[in-house]
Amino acid sequence: MIHDILPHKLFNEFKICDPKPTDYLIRYAGGKTLLKTNTTTEKNEVATGTKVATYNIPRVGELLELEGKSLGNFEGHYLFSIDDTAFFLDDSSAAKTSGATAHAGYEYMGNRTFRSMDPVERLGGATAAHIAHWESQNKFCGVCGNVTIRGDKERSIVCPKCGNVVYPRISPVVIVAVRNGDKLLMAHNIDNPNPRLFLISGFVEVGESLEQAVHREVQEEAGVKVKNVRYFGSQPWPFSDSLIAGFTAELDGDDTIHMQEAELSEATWVRREDIPEYETDVSISCCLIENFRRGFTLE
Ligand SMILES: [Zn+2]
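Read on for an overview of the structure. (Residues numbered from 1 in each chain as written. Predicted model: local features only at pLDDT ≥ 70, side-chain atom pairs only at ≥ 80, totals over all residues.)

Turning our eyes to something else, we now look at the overall build of the chain. The helix and strand inventory of the chain stands at 4 helices and 17 strands. Each principal axis of the C-alpha atoms in the chain carries an extent, and together these give about 65 × 65 × 35 Å. The contacts of the chain with a sequence gap of at least 6 include a subset with a gap of at least 24, amounting to 61%. (Helix = DSSP H or I, 4+ residues; strand = E, 2+ residues; numbered from the N terminus. Contact = placed C-beta atoms within 7 Å.)

This is the structure we're talking about:
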């Protein structure tokens, strides 16, 4: 999963420090992050001339040099480190311009681009973009409307006028693998650009537990009841400012699906042998599907 980066380690304790040239620099503007473009022509695609672009997160020294600046001119703040390489968020004027022009060889890309990167840049980039998104949405105090500042003792945004404190937004989500004998309840969300079938999931609502959210989401989206809801594991999901809790469950009673058409384009029982293999390196959804497909007990 995205947070499994061994032998690397995330150090997300709050601190204030200066960058070194090899640290990563997140320049976030208009909901996108500036990334370095590497265009290669794959061997088997030479005949058609297809260019395949891969991306990397730029380093502090690299962008400073491009813009004729030095570390002494650096405008940005520390977010966290993976091993001994830090991730800094750019506070320069370039990062405040929505739709800013990228340098040649660089491009502003959406958060999904991080998913194709190596484990360190995938977790670090997506998490940094999560923080950048939160900061960008809290420039003004929601209580008094004053301009806010970053807290200097913890990861927070503070209103210097009324004292209002805002912490990073992490919205809990549940996802559940519902088993019906040798079949798994699989679905496709209408908002997911990936056409593959995944699992029933949804945001936890006010006033309910994670387990109650599982019962409600399955009932709402597929119109069936579940029993024996059991915790499977969790993962951060910075792409939607979330923390996802995964569960397994068993069908309780009638297996007739009544799909919620406002949310899903498909919801169906899929036999174990008809489920294709899923890569388990990024999402808990794929881990839950593989857990069932490989025949591990859901008990
Ligand atoms: Zn205020």
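Grouped together as the largest cluster of nonpolar side chains are 61 residues, with contacts concentrated most on Ile 26, Phe 88, Val 174, Val 176, Val 178, Leu 199 and Val 214. Two domains each put at least three residues into this core: domain 1 (10-137) and domain 3 (171-293). (Core = buried A, V, L, I, M, F, W, Y, C linked by C-beta atoms within 7 Å. Buried ≥ 20, exposed ≤ 12 C-beta atoms within 10 Å, placed from the backbone. Domains from an automatic or database assignment.)

What follows covers the sheet that holds strand E11 (residues 165-166). Taken in spatial order, the 3 strands make up an open sheet running E9-E10-E11, and their pairing is antiparallel. This sheet does not close on itself; its edge strands, each paired only once, are strand E9 (149-150) and E11. Where strand E10 (residues 157-158) and E11 come together, 2 bridges link them in antiparallel fashion. Residue pairing in the sheet places Ile 157 in a bridge with Val 166 of E11. (Pairing = 2+ DSSP bridges.)

For the rest of this paragraph, the subject is the pairing of strand E12 (residues 171-180). Within E12, 7 of the 10 residues are buried, leaving the element largely enclosed by the surrounding structure. Pairing between E12 and strand E16 (residues 242-251): 9 bridges, direction parallel. Within E16, the residue paired with Ile 175 across the bridge is Gly 246. Bridge analysis of E12 against strand E13 (residues 183-189) gives 2 bridges, and the strand direction is antiparallel. From the neighbouring strand, Asn 180 faces E13, where its bridge partner is Lys 183. In textbook terms, the turn of a hairpin is the stretch between consecutive antiparallel strands, and for E12 and E13 this stretch comprises 2 residues, one of which, Gly 181, has a positive phi near 65 degrees.

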